[in-house]
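Fold and geometry: a report
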Amino acid sequence: MSKKPSAEGYGTVFAEVASMEAAAATFRDEVKVLVLRQITVEGMDTLIKRHLFPQQIRPLIEFGGYGTMVQDILASDGPVARSNPDVIVLALALDALDQNYGSPGWKMNAIRAELTNVFELLVSSTRATVAVHNFIAPLWSEQGLVTDTKGFDLASQVAELNRFVLDTVRAYTPRFVLMDWDRYLRQLGTDAALDERSRYLWRAPFKRAFLDLWARQISRLACALRGKAKKVVVLDCDNTLWGGVIGEDGMDGIQLDAHQYPGRAFFDFQTTLLHLAKRGVLLTLCSKNNEADVFEVLDGHPWCRIRRDNLASWRVNWNDKVTNITELANDLNLGLDSFVFVDDNPAECALVAEMMPQVTVLQVPNKLHELPYLLLRDGLFDTLRVTEEDKERASLYQEESQRKTARSTYGNIEAYTRSLQTVAIIHRVTPAEVSRVAQLTQKTNQFNLTTRRYSEQEIRSFVADEDTAVYSLTARDRFGTLGLVGVLIVRLAGHTARVDTFLLSCRALGRRLEDAMMQHCVSDLHAVREISSWEAEYIPTAKNAQVAEFWPRFGFDEVNSADGRKAYACASCALICNTTTFVEVEKD
């Protein structure tokens, strides 16, 4: 996702960021970040920009006053009210939260009470996603070799405070996200992370490597909020999923087991892939091999963790990998920028990188002990929550493959669409659906009229607002469920309804569900509000050209256009709701 820490100085980083500022001014996506701090962290704004600019996200970063956190949250003219941030980053210090920290017999109760107050203020007074960190315990024990049986030593008290922080993050997830300072310290080591002299002189306790790692995590959070998560892993097999060449070495000759190196490295890499699959990432194969040989391993090798039913699709043949990846993208109906390609062959990696620059290409590292964490290192697949549909995503795409096979047996698309026996459930969004609705706004690109990205807290506020109507569409057919695949958000002002968001998941396209949703929602709104006019818009992106002429189908007239962005209006009496016989709308 981003640059790795290096020994280069701040001057080099500042120059690099300055060279990207002009291009960043044109980025469509922005994220507002507010840092509330008790320590000196200036310079981290440049590091955040360095990681977000390559993702085409423009961060607008502001620092609150030094040690004025509560005032910054509550003041009507303070930074929270003024900037209305998307992300609030906390930068706290134990000795600033409690001046008695470090004294003999110190307990964490006062800090816990102070943090509880701050957390509650953030939840009640802002809409922001909050980046909360844990705390670093003293490096040296004040009690030497003695173990305090009551847990009143500093390290034990800080550990208890960190458990409280973690419990709070769990309670408020995905509103709160943990920035794990303790993990940063373990990754970097104390010499690279901490600056005791600067802590005393300027209350600046961290070296640039630590700040950079922290900035990377904040950038990963911003990318998740703006829907930048990758969706698909494309995997080579030989020397990627296992060591050796299955066609030459056979089942007994490949390196794959849970005990000995190097087979253990491949086993652990497959374990990482299973974790990603549980998070909703699609696993696919793209291997130059005989298909029977590959599936002999997947179906029968005792240490192979990736099985056939973990795969959303595959291309195992002797065709070039660019062609095969293109076919996988068509199979899954996903853009190439959603793909991450993993291969051990530098020539294959170079070919895909050159011919498909949208695809993220990762080569199997020469140091095989680094392989298990290759796909976790940069947060390529980060989201803020895993939904139940994420956990079933592979099976949903397998069902979609069955649909495509069935389609080839019909003479025309209308007969096939009718044969699906599609049923839609359309209603106002329930609390249980908020997570999935927010996720769809963050991830859906193709059938998305405005591509506005919303967090869970924003969707929840829309649902509670009597002047906003949020609808969901869940669908199923004779092959199985498609899940919650459609969202419509309508803002209401007097007798006017304005469509803020209308989207459908890519796996729901081509069966006229959009017609069924518009017909149902228009009817529902007209029944509860005297709507006399409708407004809508189309905001172009690199991926949603297929819906550029969507609104005229429903009787909307274009009233304004600039830079591809189009505004539409329609009187209620002129609205055309296309009736579809392909979809049965089931009553709740």
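This section reports on the structure supplied with the text.

Analysis parameters
- Residues numbered from 1 in each chain as written.
- Predicted model: local features only at pLDDT ≥ 70, side-chain atom pairs only at ≥ 80, totals over all residues.
- Heavy atoms only, no water.
- Helix = DSSP H or I, 4+ residues; strand = E, 2+ residues; numbered from the N terminus.
- Pairing = 2+ DSSP bridges.
- Axes fitted to C-alpha atoms, helices over the stretch in contact; angles between N-to-C directions.
- Contact = heavy atoms within 4.5 Å.
- Phe/Tyr/Trp six-rings, centres within 6.5 Å; stacked < 30°, edge-to-face > 60°.
- Buried < 20%, exposed > 50% of the residue type's maximum accessible area, 1.4 Å probe, protein only.
- Lys NZ or Arg CZ within 6 Å of the ring centre and 35° of its normal.
- Polar contact = N/O pair within 3.5 Å; in protein donor to acceptor, adjacent residues only side chain to side chain.
- Core = buried A, V, L, I, M, F, W, Y, C linked by side-chain atoms within 4.5 Å.
- Salt bridge = Lys/Arg side-chain N within 4 Å of Asp/Glu carboxyl O.

Things to note about unusual backbone geometry
For the bond from Thr173 to Pro174, the omega torsion is 5°, close enough to zero to count as cis. Examined against the element boundaries, Pro174 turns out to sit in the loop between α7 (154–172) and β5 (176–179). For the bond running from Tyr261 to Pro262, omega is 10°, close enough to zero to count as cis. As for its position among the elements, Pro262 is in the loop between α12 (246–253) and α13 (263–278). Backbone geometry at Asn84 places phi at a positive 45°, although glycine is not the residue there.

Describing the sheet that holds strand β1 (residues 29–37)
Read across the sheet, five strands follow the order β2-β1-β3-β4-β5 without closing on themselves; strand pairing throughout is parallel. In this open sheet, the two strands that pair with only one neighbour each are β2 (57–66) and β5. Pairwise comparison of adjacent strand axes, ignoring direction, gives a mean angle of 25° for this sheet. Two strands pair when backbone bridges link them, and β1 and strand β3 (residues 87–91) are joined in this way by five bridges, in the parallel orientation. Looking at β3, one finds that Val33 is bridged to Val87. On top of the sheet, α7 reaches β4 (129–133) and β5; it is set at about 145° to β5, its chief contact.

Some thoughts on the packing of aromatic side chains
Given two aromatic rings, their pairing is described by the distance between the two centres and the angle made by the two planes. What the rule picks out here adds up to 23 aromatic pairs. Taken together, a centroid distance of 5.4 Å and an interplanar angle of 70° make the contact between Tyr184 and Phe210 edge-to-face. A residue pair is termed long-range when its members are at least 10 positions apart, and Tyr184 in helix α8 (residues 181–188) and Phe210 in helix α11 (residues 208–225) qualify at 26 residues. According to the relative accessible area criterion, Phe210 is buried, its value standing at 0%. On the basis of an interplanar angle of 80° and a centroid distance of 6.0 Å, the ring pair of Phe267 and Trp303 is categorised as edge-to-face. A residue pair is termed long-range when its members are at least 10 positions apart, and Phe267 in helix α13 and Trp303 in the loop between α14 (291–300) and β8 (311–317) qualify at 36 residues. Through a chain of ring-to-ring contacts, three or more aromatic side chains come together here, namely Phe447, Phe502, Phe550, Trp551, Phe554 and Phe556. In this structure, Arg199 is placed above the aromatic ring of Tyr200, and the distance from its NZ or CZ to the ring centre is 4.5 Å. Geometry around Phe295 places Arg308 over its ring, the cationic atom sitting 4.1 Å from the centre.

Let's talk about the side chain of Ser313
Within the secondary structure, Ser313 is located in strand β8. Here the side chain of Ser313 touches Asp331 through a polar contact of 3.1 Å, side chain to side chain. When residues no more than four places from it in sequence are discounted, the contact partners of Ser313 are Leu283, Thr284, Leu285, Leu328, Asp331 and Leu332.

Topic: the nonpolar core
Membership of the largest hydrophobic core comes to 40 residues, with the highest contact counts inside it found for Phe502, Trp534, Trp551 and Phe556. At the level of elements, β11 (422–428), β13 (468–477), β14 (480–493), β15 (496–504), α22 (513–528), β16 (533–538) and β18 (565–571) are the ones that each hand at least two residues to this core. Sort the elements by how many residues they give to this core and α22 lands first, with seven residues. Not counting residues within four places of it along the chain, the set of residues in contact with Phe556 comprises Trp534, Glu535, Ala536, Trp551, Tyr568, Ala569, Cys570 and Leu575. In this structure, Phe27, Val35, Phe206 and Ala222 belong to the second largest nonpolar core, which totals 39 residues.

Quick notes on the pattern of salt bridges
What the rule picks out here adds up to 45 salt bridges. Between Glu21 and Lys49 there is a salt bridge whose closest N-O contact spans 3.2 Å. Of this pair, Glu21 sits in helix α1 (residues 10–24) while Lys49 sits in helix α2 (residues 44–52), and the two are 28 residues apart along the sequence. Glu21 sits in the partly exposed class, given a relative accessible area of 33%. Ionic pairing is found between Arg428 and Asp524, a salt bridge with its closest N-O pair at 3.6 Å. Of the two residues, Arg428 is situated in strand β11 and Asp524 in helix α22; the sequence distance between them amounts to 96 residues. Taking relative accessible area as the criterion, Asp524 reaches 25% and is therefore assigned partly exposed. Each of the salt bridges in this network shares a partner with another, and the network as a whole consists of Asp86, Arg127, Arg226 and Glu458.

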